[in-house]
Amino acid sequence: MIEAPRSQFLSLHLIETLAAVLPVRDENAQPKTLVFGGVERHMITSQARRRAERVLARDRANAGRGALKGRSMGVRTREWAILAGRELESAHGWEKEKALVTARAVMEASGLKFGDPKKKTVANLTKVLVFAPSDAAVRIAGHIADQAAEVEEWRDAYLEAQASAEEAKKTRRGTRKKAASSPEAEDTEGTSTAEAAVSVPLPPLPKATRDAVLLALAPRDAVDIALYGRFLAEIPDSPNVDGAVQTGHAFTVHEAEQIEDFYAAADDAKLDRKRNALSFLDAADDAGAGMTGYQSLISGTFYRHAVLDRTQLRTNLRAAGMDEQEAETAASEAEKEFVHAFVLAFPEAKKNSTASTGTLPALVLAFEGERPYNYASAFQRPVDEGPVSAGGEGPAGPAAVRRLLRHHTFVSRRREDLRTARVLTYDPEIDMLLGELGLPQSLTMVERTEDLTP
């Protein structure tokens, strides 16, 4: 008999310091913020963090690295019809246009909504992102190729019915405009046209083909879908997944600190002409920058938090068809990779101009409990970075570490379910600070992400 995990929830808490970065932006290209404790804080949204973590874990698994190497992973995209069409073309020898039209028709008839067919940029994209196993397009294309005669016959009838319905709608709109311009005319033709538009039925997709599409798009054994969940409302009978990971928005432990960075970009061709100018006047014509502008950058020490529900993770994997032993093994691997990604993944916005993805956390605290524990309240009062001699708390990084550990120690004395607490640091100054603080026996120092969970 497989032993159940000692606790259902694994809580992770992290302190990290960032300098001159912009990991996420709002619709005005400004840093995202929130008001907490009466002051404005900078925020890195949970969506940005989760995507960075999910992609890191997926890329490592696909490259044969990490705890999930060789495991099935998911892809979140609007391009499933395009991918299935390419697979029909490359693996099954279909003509390009026919392959794409067929894949789109099959997936649309299964329940997915697509963009306006008159707009080439979105015509073959689903209206929503669909998170499905990475081999979904291969499976869909394989079924279409195997049932080519039946699917093509259905496709031709489906497209013809669509065209008839569209033509009927155009006729109805024209009749309505004519009636609007002639109020005395009776709308008998419009009524019959409306009835015609409604009465053009689209032939249903053959059941075997629809079942194949739903199975291809189902979560199946994609481990990252079991971890992060998915919601697909467009196809009611396609299973949704309650994610096993809960993620909070990261925020600065102190008041927001922002600069507007003025930049000037050089025009290489103009500078070359200036260097080779034969007169002062020629050189003057090529003076000045190629372009200028501003970008907002933020700095600060952030607190972030996530929780893994081990029970939900195992439930999701069992629902995907794994037996108890396989689900237990996959869940243990997924937990290790999730912790690794939580510690090391970072959103890639402006990574080339800020080197933000090289950031390592000052402190990671991990522990088990019978419920999730969020320690955001430890930072409701913003950290005062003034000198300690003047009543301040000193630099935000060490101050945040002291607060987080003090808060955890205080809570631990009142909650008996908190167990196996472990801390990891990548900062030598924080390492010295931990030695000076004299950690309680309930806290264990570790040196690798793999050791953060039992």
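For clarity, every value in this text was computed on a predicted model and none was experimentally measured. (Residues numbered from 1 in each chain as written. Predicted model: local features only at pLDDT ≥ 70, side-chain atom pairs only at ≥ 80, totals over all residues. Heavy atoms only, no water.)

A.B. asks: Describe in detail the overall build of the protein chain, supporting the description with residues and values.
C.D. replies: Looking only at helices and strands, one finds 15 helices and 12 strands in the protein chain. For 454 residues, the compact-globule estimate of 2.2 N^0.38 gives 22 Å, and the C-alpha radius of gyration of the protein chain, at 29 Å, exceeds that figure by more than 25%. Taken over the C-alpha atoms alone, the protein chain extends approximately 90 × 90 × 50 Å along its principal axes. By the burial criterion, 44% of the 454 residues in the protein chain qualify as buried. Sequence-distant contacts in the protein chain: of pairs separated by 6 or more residues, those separated by 24 or more amount to 75%. Accessible surface for the protein chain amounts to roughly 23200 Å². Of this, 50% is attributable to carbon and sulfur atoms. The averaged location of the 67 negative side-chain charges in the protein chain is 1 Å from the averaged location of its 59 positive side-chain charges. (Helix = DSSP H or I, 4+ residues; strand = E, 2+ residues; numbered from the N terminus. Rg over C-alpha atoms; globule rule 2.2 N^0.38 Å. Buried < 20%, exposed > 50% of the residue type's maximum accessible area, 1.4 Å probe, protein only. Contact = heavy atoms within 4.5 Å. Areas by Shrake-Rupley, 256 points an atom, 1.4 Å probe, with all protein chains shown as cover. Lys, Arg positive; Asp, Glu negative; His and termini not counted. Charge placed at Lys NZ, Arg CZ, Asp CG, Glu CD.)

A.B. asks: Let's hear about the environment of isoleucine 235: which residues, and what values?
C.D. replies: Mapped onto the fold, isoleucine 235 is located in the loop between α8 (223-228) and β6 (245-247). As for isoleucine 235 and leucine 112, which are separated by 123 residues in sequence, their C-alpha atoms are 6.6 Å apart.

A.B. asks: Let's hear about the nonpolar core: which residues, and what values?
C.D. replies: In globular proteins that are soluble, nonpolar side chains generally tend to be buried together. Among the nonpolar cores identified, the biggest contains 31 residues, and Leu227, Leu308, Leu313, Leu317, Phe338 and Leu452 are the most heavily contacted of them. For this core, the secondary-structure elements that each account for two or more residues are β1 (9-21), α1 (46-62), α8, β9 (291-309), α11 (310-319), α12 (324-344) and β10 (363-369). The element best represented in this core is α12, accounting for 8 residues. Non-local contacts of leucine 452, meaning those with residues more than four positions away in its chain, are made with Val339, Val343, Val364, Ala366, Arg422, Val423, Leu424 and Val446. One finds Ala81, Ala105, Ile140 and Val151 within the second-largest nonpolar core, a separate group that totals 30 residues. (Core = buried A, V, L, I, M, F, W, Y, C linked by side-chain atoms within 4.5 Å.)

A.B. asks: Break down a negative patch on the surface for me, citing the residues and quoting the values.
C.D. replies: A surface patch of negative charge is lined by Glu40, Glu255, Glu257, Asp384 and Glu385. Position of glutamate 40 relative to the elements: it lies in strand β3 (residues 39-44). (Patch = residues over 30% accessible without salt bridge, like charges linked within 9 Å, V, L, I, M, F, W, Y side chains within 5 Å. Salt bridge = Lys/Arg side-chain N within 4 Å of Asp/Glu carboxyl O.)

A.B. asks: Lay out α1 with the relevant residues and their values.
C.D. replies: The end-to-end C-alpha separation of α1 is 24 Å, in line with the 24 Å expected for 17 residues at 1.5 Å each. Taken residue by residue, α1 has Ser46, Ala48, Arg49, Ala52, Glu53, Arg54, Val55, Ala57, Arg58, Arg60 and Ala61 as its buried positions. Positive phi shows up at glycine 64, right after α1, with a value of about 80 degrees. (Expected span 1.5 Å × (residues − 1).)

A.B. asks: Quick rundown of helix α14 (residues 396-412)? Include the residues and the values.
C.D. replies: Spanning 17 residues, α14 covers 24 Å between terminal C-alpha atoms, matching the ideal 24 Å at 1.5 Å per step. Listing the buried residues of α14 in full gives Ala396, Gly397, Ala399, Ala400, Val401, Arg403, Leu404, Leu405, His408 and Val411.

A.B. asks: Explain the confidence of the model for the protein chain to me, using residue names and the numbers behind them.
C.D. replies: On average, residues of the protein chain score 90 in pLDDT, and 91% of them reach the 70 mark or higher. Confidence drops under pLDDT 50 across residues 188-197; counting only partners more than four residues distant or on other chains, this segment forms 11 contacts. (pLDDT = per-residue confidence, 0-100.)

A.B. asks: Summarise the side chain of histidine 305; cite the residues concerned and give the values.
C.D. replies: Tracing the backbone shows histidine 305 in strand β9. Residue class for histidine 305 comes out buried when judged on its relative accessible area of 7%. Here tyrosine 373 takes part through its backbone oxygen, which lies 3.3 Å from a polar atom of the side chain of histidine 305. (Polar contact = N/O pair within 3.5 Å; in protein donor to acceptor, adjacent residues only side chain to side chain.)

A.B. asks: Mind laying out the pairing of strand β11 (residues 419-424), listing which residues take part and the relevant values?
C.D. replies: Summarising the sheet, β10 and β11 pair through 4 bridges and their orientation is antiparallel. Paired with glutamate 368 across the bridge in β11 is arginine 419. Bridging between β11 and strand β12 (residues 443-445) involves 3 bridges; their strand directions are parallel. Across the sheet, valine 423 pairs through a bridge with methionine 445, a residue of β12. (Pairing = 2+ DSSP bridges.)

A.B. asks: Any chance you could break down the packing of α14 against helix α15 (residues 428-437) for me, citing the residues and the numbers?
C.D. replies: One can describe the packing of α14 onto α15 by two numbers: an axis separation of 11 Å at closest approach and a directional angle of 40 degrees. Looking at the two axes, α14 sits oblique to α15. When you trace α14 past α15, the crossing you get is right-handed. Seen from α14, the contacting residues are Gly397, Pro398, Val401, Arg402 and Leu405; seen from α15, they are Ile430, Leu433, Leu434 and Leu437. For the contact of α14 with α15, the class distribution of residues is 7 nonpolar, 1 polar and 1 charged. (Axes fitted to C-alpha atoms, helices over the stretch in contact; angles between N-to-C directions. Parallel < 35°, antiparallel > 145°, perpendicular 65-115°, else oblique. Left-handed = near helix turned anticlockwise from the far one by under 90°. Nonpolar A, V, L, I, M, F, W, Y, C, P; charged D, E, K, R; others polar.)

A.B. asks: Kindly report on the packing of aromatic side chains, identifying the contributing residues and their values.
C.D. replies: One pass over the full model with this rule turns up 8 aromatic pairs. For the ring pair phenylalanine 367 and tyrosine 375, a centre distance of 5.7 Å and an interplane angle of 25 degrees mean the geometry is stacked. Here phenylalanine 367 and tyrosine 375 have matching classes, each one buried. Seen from the ring of tryptophan 94, lysine 98 lies directly overhead, with NZ or CZ sitting 4.7 Å from the centre. (Phe/Tyr/Trp six-rings, centres within 6.5 Å; stacked < 30°, edge-to-face > 60°. Lys NZ or Arg CZ within 6 Å of the ring centre and 35° of its normal.)

A.B. asks: Describe the packing of helix α2 (residues 80-92) against helix α3 (residues 96-109), with residues and values.
C.D. replies: When two helices pack together, their arrangement is given by the angle between the helix axes and the distance between those axes. One can describe the packing of α2 onto α3 by two numbers: an axis separation of 8 Å at closest approach and a directional angle of 135 degrees. Between α2 and α3, the angle falls in the class oblique. As for the relative orientation of α2 and α3, their crossing is right-handed in sense. Judged by residue contacts, Trp80, Ala81, Ile82, Ala84, Gly85, Leu88 and Glu89 of α2 engage Lys96, Ala99, Leu100, Ala103, Arg104 and Met107 from α3. Here the residues of the contact of α2 with α3 sort into 9 nonpolar, 1 polar and 3 charged.

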